[in-house]
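For reference, the chains in residue letters:
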Amino acid sequence: MQVPISCPDTAETLRGIEEPLTSVDALHEALTQERNMRRRAECAAHIQSAAVQLALDLLVREPDITGFFRAFVRTLVEDSESHACGVWLLDDNDTCCDLWMAYIAGQFFMSDSADWDTLTLPRAAMTAHLLAHKENWTETIEYTGEDRRLPAAVQDFNRAAGVESVVVAPLLLPTRNLGWVALSTGRTSGCETQWRRALVEAMARQATLALHQSQLADRSRAEERRQAVLEERNRMARDIHDTLAQGFGAILMQLQAAQRAAGDLPASIAKSLETAVDLARTHLVDARRSVAALRPQAPEGAGVAEALQRITDLARRTTDIPIQLTIAELPPLGGGVDREIIGIAQEALTNAVRHARARRISVHAGAVRSLGFRLSVADDGRGIPKEHRHAGFGMTSMQERAERIGASLTIVTAPRSGTEVVLAWEPPSFSIPAESDAAR
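What you see is a predicted model; the values in this text were computed from it and never measured.

1. Observations regarding the overall build of the protein
Right, on to step 1. Helix and strand counts for the protein stand at nine helices and eleven strands.
Right, on to step 2. Sorting the 440 residues of the protein into buried and exposed places 38% on the buried side.
Right, on to step 3. At a minimum sequence separation of 6, the contacts of the protein that also span at least 24 residues come to 62%.
Right, on to step 4. Within the structure as shown, the protein displays about 26,200 Å² of accessible surface, and the carbon and sulfur contribution to it stands at 54%.

In structure tokens form, the structure reads like this:
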């Protein structure tokens, strides 16, 4: 009798063989991915190290930030075998952006060079895109040459120049963005694009630090110059006070003493003596005004309101013209704004007293929308002749003071209708960043 032989199911047998094979393949794939990731990390570390070394070499070799960026841009283009590179810089308010430097086909273009206008790059279109495309502010963006995210003018330029890839990296600090570096390349592979992106990001980080340090140094030098100017102005004010003002004061006292002791004098002598007294008094007042103009800031702890009161009181002692002072609630002022406001008020009031032939003068100061400041010095005098409206040291001085604090100065005048000097100042605009802008 034949006994049937029992055999295992064929499908189950095959599954048992495939499971170990599948595990081996998965492990092999995982190891391959791990090896590739390790190689990419090593490549990125090498790029970062080379970028740091290049930045250190350039900082030692190049005397200024312009030379640093010229060498930086040239190296970036040549090492990546790219077509062109541009550097855009933002202003301090993050509202205006300009192309500062471009390197195209082996030639540099700078915003202050003679050949700048020959640059055919669509600067305005790319600038508007960088400002509006918020994703660019915090991370590197890769574009194809005719990427629809780019403005049409930029796409047309890329097509004509044979640009097939544009990598834009922000010059990003922890607190804000300083600008962008844009690298344009011709035909390229996917692997090369990844490598170029890593290179641009690494070099942009080093360029950001160099640019930031340069800006800090420029601000420090500007503050040192400002302090030196203030010290020199204070020295001149002390010299005028200790020599001219004191001398005129002593002369005035002697002349007045002579008037009291002389008794009856011939009319011509009495008139000459009275004229000498008036001249000494006038020049004493002028010397004191010069001291006040050189040192317009109020005493320590005093504000704009007290300084305006002091200036008005001094003017009232030198004229019979009624001067009305109105001071409303004032906004907080600082950063040298108060000094320039006081200087403008001093000059405007002095001009009204000395030249306007007015019957009344009014000074008004107050806040605008709780943050801004408005000053008005008005008189009902003869007005400023047309030929003198833009002449004279006083007019120029007031305009320069207003420009230093970003204020507007308006002078409204008409013959026999008086003059009004209006200063309007507002603090720099600010905004609360959204979450997408948190890195700026």
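2. A look at the pairing of strand β11 (residues 418-425)
Right, on to step 1. Judged by how many residues are buried, β11 sits mostly within the fold: six of eight residues are covered.
Right, on to step 2. Between strand β10 (residues 408-414) and the antiparallel strand that follows it, β11, lie three residues; R416 among them carries a positive phi value of about 60°.

3. Examining the packing of aromatic side chains
Right, on to step 1. The tally for this structure, following the rule as stated, stands at six aromatic pairs.
Right, on to step 2. Summarising the aromatic geometry, the rings of F68 and F72 are spaced 6.4 Å apart at their centres and angled 10° between planes, so their arrangement reads as stacked. With F68 and F72 both in helix α2 (residues 65-79), this residue pair falls four residues apart, about one helical turn. Of the two residues, F68 and F72, both sit in the buried class.
Right, on to step 3. Between W137 and W180, the aromatic rings sit 5.3 Å apart at their centres with planes inclined by 90°, giving edge-to-face as the arrangement. Note that W137 is positioned in the loop between α3 (123-132) and β4 (141-144) and W180 in strand β6 (residues 177-185), a separation of 43 residues in sequence. Neither W137 nor W180 differs from the other in exposure class; each is buried.
Right, on to step 4. Aromatic rings pair up to connect F68, F69, F72 and W100 into one cluster.
Right, on to step 5. Over the ring of F108 we find R70; its NZ or CZ atom is 4.1 Å from the centre of that ring.

4. Digging into the confidence of the model for the protein
Right, on to step 1. Residues at a pLDDT of 70 or more form 81% of the protein, whose mean pLDDT is 79.
Right, on to step 2. Mean pLDDT values for the elements of the protein range from 62 in helix α1 (residues 10-61) up to 94 in strand β7 (residues 323-327).
Right, on to step 3. The model gives residues 1-8 a pLDDT under 50, and that stretch makes one contact with residues more than four places away or in other chains.
Right, on to step 4. Across residues 430-440, where pLDDT falls below 50, the model places 15 contacts with residues more than four positions away in sequence or in other chains.

5. Comments concerning helix α8 (residues 337-355)
Right, on to step 1. Look at α8: 27 Å from first C-alpha to last across 19 residues, which is about the 27 Å you get at 1.5 Å a residue.
Right, on to step 2. Counting buried positions along α8 gives 14 out of 19 residues, so the element sits mostly inside the fold.
Right, on to step 3. R357 lies just past α8 and shows a positive phi near 55°.

6. Observations concerning the pattern of salt bridges
Right, on to step 1. Applying the stated criterion across every chain yields a total of 16 salt bridges.
Right, on to step 2. E232 serves as the salt-bridge partner of R235, at 2.5 Å between the closest nitrogen and oxygen. On the criterion of helical spacing, the pair formed by R235 and E232 is a turn pair, its members being three residues apart in helix α5 (residues 190-262).
Right, on to step 3. You can call R235 partly exposed: its relative accessible area is 35%.
Right, on to step 4. A relative accessible area of 35% means that E232 is categorised as partly exposed.
Right, on to step 5. For R359, the salt bridge identified is with D380, shortest N-O distance 3.6 Å. One end of the pair, R359, is in the loop between α8 and β8 (361-368); the other, D380, is in the loop between β9 (372-379) and α9 (393-404), and 21 residues separate them in sequence.
Right, on to step 6. We classify R359 as exposed; its relative accessible area is 60%.
Right, on to step 7. Each of E146, D156 and R159 takes part in one network of salt bridges that share partners.

7. Notes on the sheet that holds β4
Right, on to step 1. Read across the sheet, six strands follow the order β3-β2-β1-β6-β5-β4 without closing on themselves; strand pairing throughout is antiparallel. Strands with a single pairing partner mark the edges of an open sheet, and in this sheet they are β3 (107-110) and β4. Going across the sheet, the axis of each strand differs from the next one's by a mean of 20°, ignoring polarity.
Right, on to step 2. Inspection of the sheet shows strand β2 (residues 97-104) paired to β3 by four bridges, in the antiparallel sense. Bridging from a neighbouring strand, M101 pairs with M110 of β3.
Right, on to step 3. In the packing of α2 onto the sheet, the strands contacted are β1 (84-90), β2, β3 and β6, and the crossing angle to β2 comes to about 55°.
Right, on to step 4. Taken strand by strand, α3 contacts β1, β2, β4, β5 (165-172) and β6, and its axis lies near 55° from that of β1.

8. A look at the nonpolar core
Right, on to step 1. Judged by nonpolar contacts, the single largest core of 35 residues is most densely connected at L349, I361, L375 and L423.
Right, on to step 2. Those elements that place two or more of their residues in this core are α7 (304-317), β7, α8, β8, β9, α9 and β11.
Right, on to step 3. Looking at this core element by element, the count peaks at nine residues for α8.
Right, on to step 4. For L375, the contacting residues outside a window of four places in its chain are I341, A345, V363, H364, A365, V421, V422 and L423.

What counts as what
- Per chain, residue numbering runs from 1 following the sequence as it is written.
- Owing to the predicted nature of the model, reporting of local features is limited to residues with pLDDT of at least 70; listing and counting of side-chain atom pairs is limited to 80 or more, with chain, interface and lining totals taken over all residues.
- Note: side-chain values were computed over all heavy atoms of the structure, leaving out hydrogens and water.
- Helical segments are the DSSP runs of H or I of at least four residues, strand segments are the runs of E of at least two, and each set is numbered from the N terminus.
- Think of it in three bands: with a 1.4 Å probe and only protein chains considered, a residue is buried below 20% of the maximum accessible area for its type, exposed above 50%, and partly exposed in between.
- We call two residues in contact whenever any of their non-hydrogen atoms come within 4.5 Å of each other.
- Using a 1.4 Å probe, accessible areas were evaluated by the Shrake-Rupley method; residue-level cover was limited to the displayed protein chains.
- Strands are labelled as partners when DSSP assigns at least two bridges between them.
- Only Phe, Tyr and Trp rings take part, Trp by its six-membered ring, and two of them pair if their centres are within 6.5 Å. Stacked means planes under 30 degrees apart, edge-to-face means over 60, and tilted covers everything else.
- Look at NZ for Lys and CZ for Arg. If either is within 6 Å of the ring centre and within 35 degrees of the ring normal, a charge sits over the ring.
- Values of pLDDT, the confidence the predictor places in each residue, fall between 0 and 100.
- By this rule, a helix spans an expected 1.5 Å times one less than how many residues it contains.
- Just to be clear on terms, a salt bridge is a Lys or Arg side-chain nitrogen sitting within 4 Å of an Asp or Glu carboxyl oxygen.
- Axis geometry follows a simple rule: fit a line to the C-alpha atoms, using only the stretch in contact for helices, then measure angles between N-to-C directions, giving values from 0 to 180 degrees.
- The set of buried Ala, Val, Leu, Ile, Met, Phe, Trp, Tyr and Cys residues whose side-chain atoms join them within 4.5 Å is what this entry labels a nonpolar core.

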